[in-house]
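Structure at a glance
Here is how the chains run, residue by residue.
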Amino acid sequence: MYILALVTQKGGSGKSTLSVGLAVAAMQRGERVALIEADAQGTISRWKGRREKPYPRVDCVTDPSEIEPVISRLKAEGVWLAIIDTAATNNALATRAIASADLCLIPARPSPADIEAAIPTLIATRRLDRRFAFILNQAPTRGGRLSEAATSLNSLGLLALPFIGQRNDHQDALGAGLGVTEYAPEGKASEEIAALWGWISERLIVESNDHGQAALKTAC
Ligand SMILES: Nc1ncnc2c1ncn2[C@@H]1O[C@H](COP(=O)(O)OP(=O)(O)OP(=O)(O)O)[C@@H](O)[C@H]1O
Ligand SMILES: [Mg+2]
């Protein structure tokens, strides 16, 4: 089972929206997916409450010690991908989520405040020797401020593609208990999230295998 963690201490950067959007996009590609909510704010559980479909399942954790048992249970049930949504703080729960993840995704809006706020998360991922990628979220769909933000994030580490634009479909999908690829499948927001899932899945599978093979070689 692969594990993604959406992390950054900056509030409102899109952790929950992207967790849901990516979970549904992966499910639509035929994967067995679960969401783990590690944020007492409850955005994901409330989304799930509005959702009429049974999947993805949502497990809530409130204490760091609960993460491993939930992960073990999901693995045993044959879940292929677990996505952990964390709170906007560098608490012990977020740290445990980072430590459990195959890939940490750090969303940032194209503003200096969001990018600066991502740095403690970046430090935590490096300290815990986890792979990470930034996601530039809520990018203006017009205007030229993007390249500066993209350059800043690129200089700090890997930037996922494509950038995710500021589009109402994300908010409306969240409100309707849907993923954006279900809510407006032909829309631009849907296209971007599906492409982002493609980018992430490629890194998850290929690089995790490389990691595994490197570990195997070392062990031999
Ligand atoms: N790409 C986007 N386009 C438009 N609205 C977006 C986009 N991404 C997120 N939003 C909206 O921005 C707000 C904050 O997003 P979200 O709740 O996902 O952030 P968060 O990082 O989970 O916040 P918190 O830190 O409070 O948990 C929500 O209203 C959400 O619908
Ligand atoms: Mg959230």
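Preceding this paragraph is the structure being described.
Residues numbered from 1 in each chain as written. Chains lettered and ligands numbered in written order. Predicted model: local features only at pLDDT ≥ 70, side-chain atom pairs only at ≥ 80, totals over all residues. Heavy atoms only, no water.

Observations concerning the pairing of strand β5 (residues 103–108)
Sheet faces and side chains relate simply in a regular strand, where the side chains alternate between the two faces. Within β5, 6 of the 6 residues are buried, leaving the element largely enclosed by the surrounding structure. Of the two faces of β5, the one carrying Leu103, Leu105 and Pro107 and the one carrying Cys104, Ile106 and Ala108 are both buried. Bridge analysis of strand β1 (residues 2–6) against β5 gives 3 bridges, and the strand direction is parallel. Looking across to β5, one finds that Leu6 is bridged to Leu105. (Buried < 20%, exposed > 50% of the residue type's maximum accessible area, 1.4 Å probe, protein only. Helix = DSSP H or I, 4+ residues; strand = E, 2+ residues; numbered from the N terminus. Pairing = 2+ DSSP bridges.)

So, the environment of Ile200
Locating Ile200 in the fold gives a position in helix α10 (residues 188–219). Each C-alpha atom, one on Ile200 and one on Ala173, is 21 Å from the other, the two residues being 27 residues apart in sequence.

Structural notes on the pattern of salt bridges
Enumeration according to the criterion identifies 8 salt bridges in this entry. A salt bridge links Arg51 to Glu182, with the nearest nitrogen and oxygen atoms 2.8 Å apart. One end of the pair, Arg51, is in the loop between α2 (43–50) and β3 (57–60); the other, Glu182, is in helix α9 (residues 180–183), and 131 residues separate them in sequence. Comparing Arg51 with Glu182, the two get one shared label, buried. A salt bridge links Glu77 to Arg57; the nearest nitrogen and oxygen atoms lie 2.2 Å apart. Placement of the pair is Glu77 in the loop between α3 (67–76) and β4 (81–86) and Arg57 in strand β3, with a sequence separation of 20 residues. (Salt bridge = Lys/Arg side-chain N within 4 Å of Asp/Glu carboxyl O.)

Comments concerning the sheet that holds β4
The strand order β3-β2-β4-β1-β5-β6 describes an open sheet built from 6 strands, whose pairing is parallel. Of all the strands in the sheet, the pair left with one neighbour each is β3 and β6 (132–136). Each strand axis lies, on average, 25 degrees off the axis of its neighbour in the sheet, ignoring direction. By the bridge criterion, 6 bridges tie strand β2 (residues 33–38) to β4 in an arrangement that is parallel. Residue pairing in the sheet places Ile36 in a bridge with Ile84 of β4. Seen against the sheet, helix α4 (residues 92–100) touches β1, β2, β4 and β5 and runs at an angle of roughly 155 degrees to β4. (Axes fitted to C-alpha atoms, helices over the stretch in contact; angles between N-to-C directions. Contact = heavy atoms within 4.5 Å.)

Some remarks on the site of ligand 1
Residues in contact with ligand 1 amount to 20 residues; listed here are only the nearest, Lys15, Ser16, Thr17, Gly165 and Gln171. At 3.0 Å from an oxygen atom of ligand 1 is found a main-chain nitrogen or oxygen belonging to Gly12. One of the side-chain nitrogen or oxygen atoms of Asp39 is found 3.5 Å away from an oxygen atom of ligand 1. Bound to the protein, ligand 1 loses 84% of the 630 Å² it would expose on its own. (Near = heavy atom within 4 Å. Polar contact = N/O pair within 3.5 Å; in protein donor to acceptor, adjacent residues only side chain to side chain. Areas by Shrake-Rupley, 256 points an atom, 1.4 Å probe, with all protein chains shown as cover.)

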